2 protein chains.
Amino acid sequence: MKIVIVGSGNAATVLGKVIKGSGHDIVQVLSRDELHAKKLASILGSEYGNYITTPYKDADLYLFALTDNALHHLYEHVQLEDKIVVHTCASVSKNVLTEISEKHGVIYPLQTLNKESDELPEIPLLIDASSTEILTFLKTFAHTISDDVSVVNDEDRLKFHIAAVFVNNFTNHLYAMADDFCAQENIDFKRLMPLIAETAARIKKYPPKEVQTGPALRQDIYTLGKHLKMLSADPDLKYIYLKLSESILKLHQVK
Amino acid sequence: MKIVIVGSGNAATVLGKVIKGSGHDIVQVLSRDELHAKKLASILGSEYGNYITTPYKDADLYLFALTDNALHHLYEHVQLEDKIVVHTCASVSKNVLTEISEKHGVIYPLQTLNKESDELPEIPLLIDASSTEILTFLKTFAHTISDDVSVVNDEDRLKFHIAAVFVNNFTNHLYAMADDFCAQENIDFKRLMPLIAETAARIKKYPPKEVQTGPALRQDIYTLGKHLKMLSADPDLKYIYLKLSESILKLHQVK
């Protein structure tokens, strides 16, 4: 298939690599920033240009990997009547593309994508479309680039995004807080790597609620007290420690 | 080496399996609950008994994998003069064993241990001892059961425990909250598995602060608003969403 990619950020870059790697032909990369477009185009072996001023090349699919805000203003600049257009955003309705083309949809990668990373992770794709015909087309395309494709509507995609914020954004933030704490206290964060890996691996086998451990769960006042005393030098860390400990107690109460 | 294991919980069970698997001879399992001791002893091929009433067999090392509270009361029941005794707790000083034996120390597994799990994870060991002689002995022993051994004193072990609470207990709690949310909203938590795995894997290559993403970090008011509205049916989840979003903003401000 011939594909035009619009955008040059993490989603555009990683999806571009995956699409090219699956044997498709990326004919054009368009971005607001032409230098970024040029850089990505050189990786993907395509032409490049500006997504507002450059004429769009002919393609089977136009993939808009843009921010929420850019998507909302897209109709002011771009018309692709009768072409198949998709966006890649979790929290934006597919209808944002209605005025670009009647034939529209969504391909949302439920994965954290990092354009600097060489290795491509497994990417579950949540897809949706304006009609069953387009949905069938997108399903066929999505299966060429991922083994994990499911049809998910606007509302459920938003819900998946919320769950993703918990397991990715917030989890990564906890890693970052622990990393900062270790640096500050002069202990080696790297020693926690096996623990982090095991914590993530374990939920493949057990529901997370069943394998919860720690001083909050066992209401170990002695250890909680020692930890909070040690954290008194860092009020932000102490605050989150308290809030999440309370939250653990709440979740494990009989509701 | 001949080892006596005291305890029958997660730490006793997993460390017992690892020690036996490394070719040592576990001669006795003692626990407060004799049925639990019997069960673990049958796995480890040892004798069993009650850790307060049963006479302790002769061994090269006595490993007390007990709770913080049990350790604090141990001296009321157990004397093992001239024997080498260790405990496995993060937040308890090695000195809690002073009255059991002058030759004491700590072998703390910096890992989440689950006695139901068949696979044994990589277990970094943080060790400490009452003298350099005992430390050398424990170091040699620890290296027979783990590739990752380091000497860490009481204070730093407590710090590692705090960091472990963040990357394990709190992270697992976020998984549990997301799992609950998915069940409630009728979407499939399993679809998040690749995202969870990638989030944990990525920090081996990048400092977590550098790979933080999400609506809070980019101050995406539009998406935050959509998420909070969707979460209004679940005040506990909404509260943690807000607190962690605030915390992300705080950590990424210029300090």
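Once a new chain begins, its residue numbering starts again from 1 and follows that chain's sequence as written. Here chains are named by letter from A upward and ligands by number from 1 upward, in the order in which they appear as written. A pLDDT threshold of at least 70 governs which residues receive local features in this predicted model, and a stricter bar of 80 or more applies before side-chain atom pairs are shown or counted, although totals over entire chains, interfaces and linings include all residues. The side-chain quantities take in all heavy atoms of the structure and omit both hydrogens and water.

Enquirer: Tell me about the overall build of chain A, residues and numbers included.
Expert: Counting from the N terminus, the helices are the DSSP runs of H or I reaching at least four residues and the strands are the DSSP runs of E reaching at least two. In terms of helices and strands, chain A carries eight helices and eight strands. C-alpha atoms of chain A, sized along the principal axes, occupy 70 × 40 × 35 Å. The rule is simple: take the accessible area with a 1.4 Å probe, protein chains only, and divide by the maximum for that residue type; under 20% is buried, over 50% is exposed, in between is partly exposed. A total of 255 residues make up chain A; the buried ones form 58% of that total. It only takes one pair of heavy atoms within 4.5 Å for two residues to be counted as in contact. In chain A, the proportion of contacts linking residues at least 24 apart, taken out of those at least 6 apart, comes to 48%. In this description, accessible areas are obtained by the Shrake-Rupley approach with a 1.4 Å probe, and a residue is regarded as covered only by the protein chains that are shown. Carbon together with sulfur atoms contributes 49% to the accessible area of chain A, which is approximately 11000 Å² in total. This count recognises Lys and Arg as positive and Asp and Glu as negative, with His and chain-terminal groups excluded. A charged residue contributes its charge at one atom only: NZ of Lys, CZ of Arg, CG of Asp or CD of Glu. Where the 27 positive side-chain charges of chain A centre and where its 33 negative ones centre are 7 Å apart.

Enquirer: Can you lay out the confidence of the model for chain A for me, pointing to particular residues and giving the numbers?
Expert: Scored by pLDDT, chain A has a mean of 95; 99% of the residues are at 70 or more. Two summary scores accompany this predicted model of the complex, namely pTM at 0.94 and ipTM at 0.94. One number per residue, pLDDT, summarises how confident the predictor is, and it ranges from 0 to 100.

Enquirer: Before we move on, could you go through the interface of chain A and chain B and cite the residues and values that matter?
Expert: Contact residues are listed per partner, giving 91 residues for chain A and 91 residues for chain B. Where chain A abuts chain B, roughly 9000 Å² becomes buried across the two surfaces, and 66% of that area is made up of carbon and sulfur atoms. Looking at the side of chain A facing chain B, the largest losses of area belong to Phe-166, Val-167 and Arg-191 of chain A, adding up to 8% of the total buried there. Salt-bridge contacts for Arg-191 of chain B lead to Asp-148 of chain A; the nearest nitrogen and oxygen are separated by 3.0 Å. Listed by contribution, the elements that provide at least two residues to the side of chain A that touches chain B are α3 (68–73), α5 (154–185), α6 (193–202), α7 (221–230) and α8 (235–252) of chain A. Looking at the side of chain A that touches chain B, the element that brings in the most residues is α5 of chain A, giving 28 residues. Residues that form the side of chain A that touches chain B fall into these classes: 46 nonpolar, 21 polar and 24 charged. Summed over both partners, the accessible area lost on bringing two parts together, with a 1.4 Å probe, is the buried area. Salt-bridge detection follows one rule: a side-chain nitrogen of Lys or Arg within 4 Å of a carboxyl oxygen of Asp or Glu. Side-chain classes are defined by residue name, with Ala, Val, Leu, Ile, Met, Phe, Trp, Tyr, Cys and Pro counting as nonpolar, Asp, Glu, Lys and Arg as charged, and the others, Gly among them, as polar.

Enquirer: Kindly report on the sheet that holds strand β3 (residues 47–50) of chain A, identifying the contributing residues and their values.
Expert: All names here are of chain A. Whether two strands pair comes down to DSSP finding at least two bridges between them. With mixed pairing, the eight strands of this open sheet are ordered in space as β3-β2-β1-β4-β5-β6-β7-β8. Two strands lie at the open edges of the sheet, namely β3 and β8 (149–151), each paired on one side alone. Mean inter-strand twist for the sheet, computed between neighbouring axes without regard to direction, equals 25°. Sheet topology note: the strand β5 (residues 85–87)/strand β6 (residues 104–109) ladder contains three bridges and is parallel. When the sheet's bridge partners are listed, Val-86 is paired in β6 with Gly-105. For every element, the axis is a line fit to its C-alpha atoms; helices are fit only across the contacting stretch, and the angle between N-to-C directions ranges from 0 to 180 degrees.

Enquirer: Before we move on, could you go through the sheet that holds strand β8 (residues 149–151) of chain B and cite the residues and values that matter?
Expert: Residues and elements named next belong to chain B. Across the sheet, eight strands lie side by side as β3-β2-β1-β4-β5-β6-β7-β8; this open sheet has mixed pairing. Looking at the sheet topology across the chains shown, the edges are occupied by β3 (47–50) and β8. Here the average twist between neighbouring strands, direction ignored, is 25°. Of the pairings in the sheet, the one linking strand β2 (residues 25–31) to β3 comprises four bridges and is parallel in character. Following the sheet pairing, Val-29 is matched in β3 by Tyr-48. Running at roughly 165° to β2, helix α2 (residues 34–44) makes contact with β1 (2–6), β2 and β3 of the sheet.

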